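Chain by chain, the residues:
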Amino acid sequence: GEEAEKPMGMMAVAPDEKPKKERPKWVKPRKSVMVSENIRDIISENFDEVSEAFLALDMNGDGRVSLRELRAGMAMMDWTSGLTEAEIKSIMSVSDTDGDGYINLAEFLRAFGPHAASREEVKGGLHTLSRSADGMRPAYLGVRMQNMLLNSIDEVSTFTNILFVDLQHNLLTNLTPLGRLRHMVTLDASHNKLTRVLDFLGCDNLKTASLRYNKIAEIHDVSPHRSLQSLDLTGNQIAHVQGLSRNMALTRLVLDHNEIVQISGLANLPIRYLSLRHNRLSAVNGHALLGPNSVYIQGLQKALEESFDEIEDAYFALDANMDGKVSRKELRAGLSEALNGIGVRPGASAILGEGEDAPPADEEGFRAWFETKLDELMHTLDREGTGFVSSKEFLSVFRRPEQVEGGGGA
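Residues numbered from 1 in each chain as written. Predicted model: local features only at pLDDT ≥ 70, side-chain atom pairs only at ≥ 80, totals over all residues. Heavy atoms only, no water.

**Student:** Explanation requested: the overall build of the chain in the structure shown.
**Tutor:** When its secondary structure is counted, the chain shows 11 helices and 14 strands. Sequence-distant contacts, at least 24 apart, represent 39% of the contacts inside the chain between residues at least 6 apart. On the chain, roughly 21,700 Å² of surface is accessible, and the fraction owed to carbon and sulfur atoms is 49%. (Helix = DSSP H or I, 4+ residues; strand = E, 2+ residues; numbered from the N terminus. Contact = heavy atoms within 4.5 Å. Areas by Shrake-Rupley, 256 points an atom, 1.4 Å probe, with all protein chains shown as cover.)

Next comes the structure, spelled out in structure tokens:
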């Protein structure tokens, strides 16, 4: 996930640890971390359980793995891994936490299988060195612990002033310990096994949360997170959306790829961006999706009908580079030209909206309104989420009504 912007005035303190220099963004991750991930990949490809890999490496059956056994075993599992002697020794050193020169089963599971985060692992994930809020102590602003097979993060909570937490691609089922991180501003716990949304209290400063691709089936009361501005729940199993009605700071909500059939409680929220791709509804209480009967769509349709004999011709015209799909840029250019053709401009744009939905009369406001509406239109048309609009998607919204034959007349 992307790192959040660093807020001023709040810093994180790493307790009782000597600070290390911040690693520049262009520096690659430590070699030992990369090697550990490589070994986890090799184990997962060869064994159903991590304990089975340990038994295979323990060639003499004494219940522990020596450096020699580790070297030989890794070569047999995957001779293409290319691990050097120094790298093998590094893994041995990291895994052998009791320093007896061997790796026992518990140490092996902790290093390469599902396990609780250790203090050493948390320390290894600290980044962005700065100062504490009072300016008196060195501090770290964030911790990044991805792809580590973590099933518990109690140790993370001991670093009580961390601001940015990245726990993507682990095995977490709850985030309760994060309640002690009272200064946390950004959280990314995507690709875990979570079943609840932000199931912790005490983080009054949390502004951005991403819980993509977990196992969440329901949104419970999220109101304790009163500063929450952005929530991404893409790729879960949510059918009904509730529990957000009191999150009055929420401006961005992403619910793509769920099982949503009903949404309520959003009408009074200041949401500026709402994404609902690949769900099973056509309207949201308080936030109607763009459909053929909306004033905006009807206005665009009128502009296109004035310019083209057939709506199909409009699509071909929008596809300026003739690649069989329409990009946002092409859609913007084509619709702008069509609207200009029927005299739509700031102050003369009632065809696109009335009352509270009317476009602003000033040029700058109208331009911002048009860009926002264009984003909504792209989200409505781009049902497959490709970033482009196909002919089928376009014609599902824009289609000339069938003329009634023999409708009677004078």
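From this point, the narrative continues.
**Student:** I keep staring at the side chain of E87 and nothing clicks. Help me out?
**Tutor:** Within the element layout of this structure, E87 appears in helix α4 (residues 85-95). At 2.9 Å, the side chain of E87 and the backbone nitrogen of T84 are in polar contact. (Polar contact = N/O pair within 3.5 Å; in protein donor to acceptor, adjacent residues only side chain to side chain.)

**Student:** Explain the packing of helix α9 (residues 328-341) against helix α10 (residues 363-381) here, please?
**Tutor:** Think of two packed helices as two axes; the pair is described by the angle between the axes and how far apart they sit. For the pair α9 and α10, the least separation of the axes is 11 Å and the interaxial angle reads 120 degrees. When the axis of α9 is compared with that of α10, the two are oblique. The hand of the α9/α10 crossing is right-handed. For the pair α9 and α10, the contacting residues are R328, L331, R332, L335, S336 and L339 in the first and F370, E371, L374, D375, L377, M378 and L381 in the second. Residues belonging to the contact of α9 with α10 are distributed by class as follows: eight nonpolar, one polar and four charged. (Axes fitted to C-alpha atoms, helices over the stretch in contact; angles between N-to-C directions. Parallel < 35°, antiparallel > 145°, perpendicular 65-115°, else oblique. Left-handed = near helix turned anticlockwise from the far one by under 90°. Nonpolar A, V, L, I, M, F, W, Y, C, P; charged D, E, K, R; others polar.)

**Student:** Honestly, the pattern of salt bridges in this entry has me stumped. Any pointers?
**Tutor:** A side chain of one charge can pair with a side chain of the opposite charge when the charged atoms of the two come close. Applying the stated criterion to the full structure yields 13 salt bridges. Residues R119 and E155 are paired through a salt bridge, measuring 3.3 Å at the closest nitrogen-oxygen approach. Placement of the pair is R119 in helix α6 (residues 119-125) and E155 in the loop between β6 (150-152) and β7 (164-166), with a sequence separation of 36 residues. A residue is classified by how much of its surface remains accessible, and E155, at 23% relative accessible area, is partly exposed. Of the charged contacts, one joins K373 and E376 as a salt bridge, the two residues approaching to 3.6 Å between their closest N and O atoms. Within this pair, K373 and its partner E376 are both found in helix α10, separated by three residues, close to a single helical turn. Relative accessible area serves as the criterion here: at 16%, K373 is assigned to the buried category. Each of R328, R332, E371 and D375 takes part in a single network of salt bridges with overlapping partners. (Salt bridge = Lys/Arg side-chain N within 4 Å of Asp/Glu carboxyl O. Buried < 20%, exposed > 50% of the residue type's maximum accessible area, 1.4 Å probe, protein only.)

**Student:** Looking at this structure, I do not really get the nonpolar core. What am I missing?
**Tutor:** Ranked by internal contacts, the top residues of the largest apolar core, which has 48 residues, are L175, L178, L187, L198, L244 and L255. Here L244 is in contact with I219, V222, L231, L250, L253, G265, L266 and L269, once residues within four sequence places are set aside. The next biggest cluster of nonpolar side chains, apart from the first, holds 28 residues, and it includes A303, I311, L318 and L352. (Core = buried A, V, L, I, M, F, W, Y, C linked by side-chain atoms within 4.5 Å.)

**Student:** Looking at this model, I keep getting lost on α9. Mind explaining?
**Tutor:** For an α-helix, 3.6 residues make a turn, and residues three or four places apart therefore share a direction. The terminal C-alpha atoms of α9 lie 20 Å apart, and with 14 residues this matches the ideal 20 Å at 1.5 Å per residue to within 8%. Of the positions making up α9, those classed as buried are E330, L331, L335, S336, A338 and L339. Lining the buried residues of α9 we find α7 (295-307), α8 (311-318) and α10. Within two residues after α9, G343 carries a phi angle of roughly 85 degrees, on the positive side. (Expected span 1.5 Å × (residues − 1).)

**Student:** How should I be thinking about the side chain of S230 in this particular structure?
**Tutor:** Of note, S230 is situated in strand β10 (residues 230-232). Excluding residues within four positions of it along the chain, S230 makes contact with K207, T208, A209, L250 and R252.

**Student:** For this particular structure, what's the right way to read helix α5 (residues 105-112)?
**Tutor:** Every buried residue of α5 is accounted for by E107, F108, A111 and F112. Buried positions in α5, seen along its axis, are confined to an arc of 105 degrees and lie on one side of it. (Arc of directions from axis to C-beta.)

**Student:** Looking at this structure, how should I read the sheet that holds strand β8 (residues 186-188)?
**Tutor:** By way of backbone hydrogen bonds, the strands of a sheet pair with one another, either parallel or antiparallel. As summarised here, the arrangement of the eight strands in space is β4-β5-β7-β8-β9-β10-β12-β14, forming an open sheet in which the pairing is mixed. Among the strands making up the open sheet, the edge pair consists of β4 (126-131) and β14 (273-275). Strand after strand, the sheet turns through a mean of 10 degrees between neighbouring axes, direction not considered. One ladder, built from three bridges, connects strand β5 (residues 138-144) with β7; its direction is parallel. Residue pairing for β7: G142 is matched across the bridge by F164. (Pairing = 2+ DSSP bridges.)

**Student:** Just to check I follow, could you spell out the packing of aromatic side chains for this structure?
**Tutor:** Each aromatic ring pair is characterised by the separation of its centres together with the angle its planes make. For the coordinates displayed, the defined rule picks out eight aromatic pairs. Here the aromatic rings of Y315 and F394 are separated by 5.5 Å at their centres, their planes lie at 50 degrees, and the arrangement is tilted. On the criterion of sequence distance, the pair formed by Y315 in helix α8 and F394 in helix α11 (residues 391-395) is long-range, its members being 79 residues apart. Across the ring face of F388, the terminal group of K325 is positioned such that the distance to the ring centre comes to 4.2 Å. Between K373 and the ring centre of Y296, over which it is positioned, the NZ or CZ distance is 5.4 Å. (Phe/Tyr/Trp six-rings, centres within 6.5 Å; stacked < 30°, edge-to-face > 60°. Lys NZ or Arg CZ within 6 Å of the ring centre and 35° of its normal.)

**Student:** Looking at this structure, how should I read the pairing of β5?
**Tutor:** Consecutive side chains of a regular strand alternate in pointing toward one face of the sheet and then the other. Within β5, five of the seven residues are buried, which leaves it mostly tucked inside the rest of the structure. In this sheet, β5 lies alongside β4 in antiparallel orientation, the contact comprising five bridges. Across the sheet, the residue bridging to L129 is Y140, located in β5.

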